[in-house]
Amino acid sequence: MENLFDYIIMAQEYVNQLCEGKPAWEIILRTAVTTIILVWAKSFLFKNESLLERGKKTVFKLARKVPAVKARIEEEIEKVAVSMTQDLNKAIENTPYLTKLPEEGWSPEQIMEEATKYTKFGSYNWESGCASGTVYNGNKTLTDIMTRVYGMSTWTNPLHPDVFPGVRKMEAEVVRMCCTLFNGDARSCGCMTTGGTESIIMACKAYREYAINVRGIKNPEILVPVSAHAAFDKGAQLLMMRIRHVPLDPVTMKVDMVAMRKMINRNTCMLAGSAPQFPHGVIDPIEEIGALGIECNIPVHVDACLGGFLIPFMDDAGFPLSPFDFRVKGVTSISADTHKYGYAPKGSSVIMYREAKWRHHQFFVTPDWQGGIYATATIGGSRSGGIVAACWAALMYHGIQGYVDYTRMVIETTKKIELGCRGIPGIFIYGKPEVSVVALGSKSFNIYALSDRMTKRGWNLNALQFPSSIHIAVTVLHTQPGVAERFITDIKEIAEELLKNPCKDSGGSAALYGMAQSIPDRSLVGEMAWCYLDAIYSTKQLEAPKVK
Ligand SMILES: *Cc1c(COP(=O)(O)O)cnc(C)c1O
């Protein structure tokens, strides 16, 4: 103690010496300027993005100010925009767009006739199981039941539980059944959302608010595996949080736990793992992430959006997994999509919490609005009660046995595809697929060329990047007789062709992804993606490409 006192006296004397003979204004000015510089330096160094990333962006921004570069880039982007719009128009057989409301309403017959035409556009035959993921089940009885239940509740809105008490009951039951499924105890709770993305954003919000309001963290950050769904990045952007991506083990494709531990800092407000992750269908080491969360007192989110209605049934289906849910101590929240393997209509998902304290920080409340004390659980205000009801119907239609049976079929088909592909020369499988996704890569040829040729044969697979790969997410539609066999045969034949003639393809996704991955200026790739989104909302009738 005495020592400390001595130091303080010494410091005092030192400062006094520095200031000796200087006028008061100079001392004040120097202090003020130093403080301003320190505050600025701190905010410059500690932003949501690393210094290196920001440096790169500045360099590219400057380069694009050069007129020749700018013109060239604009020309290329325009080309991309035109070709994307043309592709989308081709898919609707270049039929004209409606751009104004009809002067008078259409008759029911006309609406049905036109709507039938619209919904029949497209060349992919998804019912026969050609698409990866996308449609998870085509069961006709289920479709009929969900449509009828939706019809009964078309006008309902869960925002008004007093007017629609039955829809409120259904929603509460869906959430409770899911909590039970994931081994939550009586304290567990959750909400229905419009999809996996919203469920994940809600968890990010809950942990951000908790970090700020309870833990006193000023700039919360989230820590997720590189393989985690882009919804985490979207959430981080919306919530203005820094997101840091933890590398994977290059062989297993599971998150590297040593790296995750090292990347934790005092701002970390959430750890995440996926069960399974989207790209390679691999389950992150949830028990280890949970233990790390407990050790560092950080909440852990398990993203089971994709696998949410497979993994709880895998034990019973004969494919046991290690614990991934609330049985794992550190796990504080789980997202599970009813609209994927829950076979409910799109627009439904569930976010669950171990305890109510997390969910409270997810809620939005504004006590002072002129329109009344306003409180909503999720992002939306008014919502579709029809989707809630149809989701409830889907859960009741299957029951545990229904889901176990479908899970067995899906996993067996996945294993068949995995096994079939393992023997094919020229390609390899990423990690050990544990649930319903098989990701393929190649050391001998461009894997996107394989995907393009699969497209020509009627398949619609997912392209992945960093590393270059493609995957198939197996659904109930792929369990139909002959589908898996056809998939394996097609992959095998194309791989043989490509082994003989490795670099003939250029065009399609091979060209696009090859180029996109090699462009160092990621903002340019981003602008091309804007073109895609613009094209989706385009009602332009583009004729043949402009020739100069
Ligand atoms: C599909 C998916 C999501 C997000 O789901 P959306 O319903 O498309 O918003 C999140 N995580 C994983 C692993 C997914 O596969």
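Scroll up to find the structure.
Residues numbered from 1 in each chain as written. Predicted model: local features only at pLDDT ≥ 70, side-chain atom pairs only at ≥ 80, totals over all residues. Heavy atoms only, no water.

## Thoughts on the overall build of the chain
Per the secondary structure count, the chain includes 18 helices and 13 strands. In terms of principal-axis extent, the alpha carbons of the chain reach across some 90 × 65 × 60 Å. Across the 548 residues that make up the chain, the buried fraction comes to 43%. Considering only contacts within the chain whose residues lie at least 6 apart along the sequence, 72% involve residues at least 24 apart. Of note, the chain has its 59 positive side-chain charges centred 3 Å away from the centre of its 56 negative side-chain charges. (Helix = DSSP H or I, 4+ residues; strand = E, 2+ residues; numbered from the N terminus. Buried < 20%, exposed > 50% of the residue type's maximum accessible area, 1.4 Å probe, protein only. Contact = heavy atoms within 4.5 Å. Lys, Arg positive; Asp, Glu negative; His and termini not counted. Charge placed at Lys NZ, Arg CZ, Asp CG, Glu CD.)

## A closer look at a nonpolar patch on the surface
Nonpolar side chains collect at one region of the surface, where W40, F44, L45, F46 and L51 lie side by side and expose about 560 Å² of accessible area between them. For the nonpolar patch, the leading source of residues is helix α2 (residues 24-45), giving 3 residues. Take F46: its relative accessible area is 63%, and that puts it in the exposed class. (Patch = residues over 30% accessible without salt bridge, like charges linked within 9 Å, V, L, I, M, F, W, Y side chains within 5 Å. Areas by Shrake-Rupley, 256 points an atom, 1.4 Å probe, with all protein chains shown as cover. Salt bridge = Lys/Arg side-chain N within 4 Å of Asp/Glu carboxyl O.)

## So, the sheet that holds strand β5 (residues 300-304)
Taken together, 7 strands build an open sheet; the order of strands is β1-β7-β6-β5-β4-β2-β3 and the sheet is mixed. Edge positions in the open sheet fall to β1 (189-193) and β3 (242-246), since each of these has one partner strand only. Across the sheet, the axes of successive neighbouring strands diverge by a mean angle of 20°, strand direction being ignored. Two strands pair when backbone bridges link them, and β1 and strand β7 (residues 349-353) are joined in this way by 5 bridges, in the antiparallel orientation. (Pairing = 2+ DSSP bridges. Axes fitted to C-alpha atoms, helices over the stretch in contact; angles between N-to-C directions.)

## A few points about the pairing of β5
Of all 5 residues making up β5, 5 are buried, and the element is well covered by its neighbours. Every second residue of β5 is oriented toward a common face, with V300, V302 and A304 on one face and H301 and D303 on the other, all of them buried. Here 4 bridges tie strand β4 (residues 268-274) to β5, and the two strands are oriented parallel to one another. In the strand pairing of β5, G273 is matched with V302. Traced from β4 through helix α11 (residues 286-296) to β5, the parallel crossover comes out right-handed. (Right-handed = clockwise from strand over helix to strand, strands pointing away.)

## A few points about the side chain of T193
Topologically, T193 is positioned in strand β1. At 3.0 Å, the side chain of T193 and the backbone oxygen of G195 are in polar contact. A distance of 2.8 Å separates polar atoms of two side chains, one belonging to T193 and the other to S199. With residues near it in sequence (within four places) discarded, T193 still touches E198, S199, M202, G347, S348, S349, V350, I351 and T378. (Polar contact = N/O pair within 3.5 Å; in protein donor to acceptor, adjacent residues only side chain to side chain.)

## Description of the packing of aromatic side chains
On inspection of all chains with the given rule, the structure shows 15 aromatic pairs. Ring centres of Y207 and W358 lie 5.3 Å apart, and the angle between their planes is 75°; on these two criteria the pair is classed as edge-to-face. On the criterion of sequence distance, the pair formed by Y207 in helix α8 (residues 196-215) and W358 in helix α13 (residues 356-362) is long-range, its members being 151 residues apart. Take Y207 and W358: they sit in the same class, and that class is buried. Members of the aromatic cluster, each reached through a chain of ring pairs, are Y136, F309, F313, Y341, Y343, Y403 and Y406. We note K357 situated over the ring of W358; from NZ or CZ to the ring centre the distance is 4.6 Å. Across the ring face of F428, the terminal group of K443 is positioned such that the distance to the ring centre comes to 4.5 Å. (Phe/Tyr/Trp six-rings, centres within 6.5 Å; stacked < 30°, edge-to-face > 60°. Lys NZ or Arg CZ within 6 Å of the ring centre and 35° of its normal.)

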